[in-house]
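Residues per chain, in single letters:
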Amino acid sequence: MNGGTFHHRNIIEIFADGFYYYGYNEQKCYINFRECRSNWVRYVNESPDFPETDLEDTATKIVGWRAPSELYVEFFSEPRTRFVFTYKRNFWEWLLGKPSAKAIRAYIELTEELIKLGWRMHDRESEKKEFSFKLL
């Protein structure tokens, strides 16, 4: 069963149509990108937060959302599944209030891998500025 919040290291292997990860109790789970896209489209069409109300699956490649300042990606599996990028910060990172460089690298690597496979994440932080379907 999908759903929950996990460290990104739980992701085992990514394919063109989805990926495997270790869920609760080390259970191997699979997230299908096409299902996530359908769930995203349904969310957008039903949500009052988006001006778009007739989005179709073929019109987007978005499979979830991301928050760069919080370093997480959340896939629209059923239920939703979030992966966080947390590592211990060094003294300077802590002092400056920045996330660890290792966490940032891992976050960028995962989002770039999704792009290479043809999928996108909606940027949650763009919602604060304006409504848009900003693609990474």
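What you see is a predicted model, and the numbers here were worked out from it, not measured in a lab.

K.L.:
What am I meant to see in the state of the cysteines here?
P.N.:
Such a bond, covalent and formed between the sulfur atoms of two cysteines, is termed a disulfide. This model, assessed by the stated rule, comprises 0 disulfides. Residue Cys36 stays outside any disulfide, its sulfur separated by 13 Å from that of Cys29, the closest cysteine. What makes Cys36 buried here is its relative accessible area of 1%.

K.L.:
I'm lost on the sheet that holds strand β5 (residues 62-67) in this one. Help?
P.N.:
Within a beta sheet, neighbouring strands are joined by backbone hydrogen bonds and run either parallel or antiparallel to one another. Ordered by their spatial adjacency, 5 strands build an open sheet running β1-β7-β6-β5-β8, and the pairing between neighbours is mixed. A strand with exactly one partner marks an edge of an open sheet, and here the two such strands are β1 (4-7) and β8 (120-123). Direction aside, neighbouring strands of the sheet carry axes that sit 30 degrees apart on average. Strand direction decides the pairing type here: β5 and β8, joined by 3 bridges, are parallel. The partner of Arg66 across the bridge, within β8, is Asp123. Taken strand by strand, helix α1 (residues 33-46) contacts β5, β6 (72-75) and β8, and its axis lies near 75 degrees from that of β5. Of the strands in this sheet, β5, β6 and β8 are in contact with helix α3 (residues 101-116), which crosses β6 at around 35 degrees.

K.L.:
When you look at a nonpolar patch on the surface in this model, what are you seeing that I'm missing?
P.N.:
Residues Phe91, Trp92, Trp94, Leu95 and Leu96 make up a contiguous nonpolar surface patch of about 640 Å² in total accessible area. Looking at Leu95, the relative accessible area reads 46%, which means it is partly exposed.

K.L.:
Would you mind going over the sheet that holds strand β2 (residues 11-15) with me for this structure?
P.N.:
Strand order in this open sheet of 3 strands is β2-β3-β4, and the pairing throughout is antiparallel. The two strands at the open ends of the sheet, each matched to only one other strand, are β2 and β4 (28-32). On average, each strand axis in the sheet is inclined to that of its neighbour by 15 degrees, with strand direction left out of account. Pairing of strand β3 (residues 18-22) with β4 involves 5 bridges; the strand directions are antiparallel. Following the sheet pairing, Gly18 is matched in β4 by Asn32. Those strands touched by α1 are β2, β3 and β4, and its axis lies near 55 degrees from that of β4.

Conventions adopted
- Residues numbered from 1 in each chain as written.
- Predicted model: local features only at pLDDT ≥ 70, side-chain atom pairs only at ≥ 80, totals over all residues.
- Heavy atoms only, no water.
- Disulfide = S-S within 2.5 Å.
- Buried < 20%, exposed > 50% of the residue type's maximum accessible area, 1.4 Å probe, protein only.
- Pairing = 2+ DSSP bridges.
- Helix = DSSP H or I, 4+ residues; strand = E, 2+ residues; numbered from the N terminus.
- Axes fitted to C-alpha atoms, helices over the stretch in contact; angles between N-to-C directions.
- Contact = heavy atoms within 4.5 Å.
- Patch = residues over 30% accessible without salt bridge, like charges linked within 9 Å, V, L, I, M, F, W, Y side chains within 5 Å.
- Areas by Shrake-Rupley, 256 points an atom, 1.4 Å probe, with all protein chains shown as cover.
- Salt bridge = Lys/Arg side-chain N within 4 Å of Asp/Glu carboxyl O.

That's the geometry; what it means functionally is another story.
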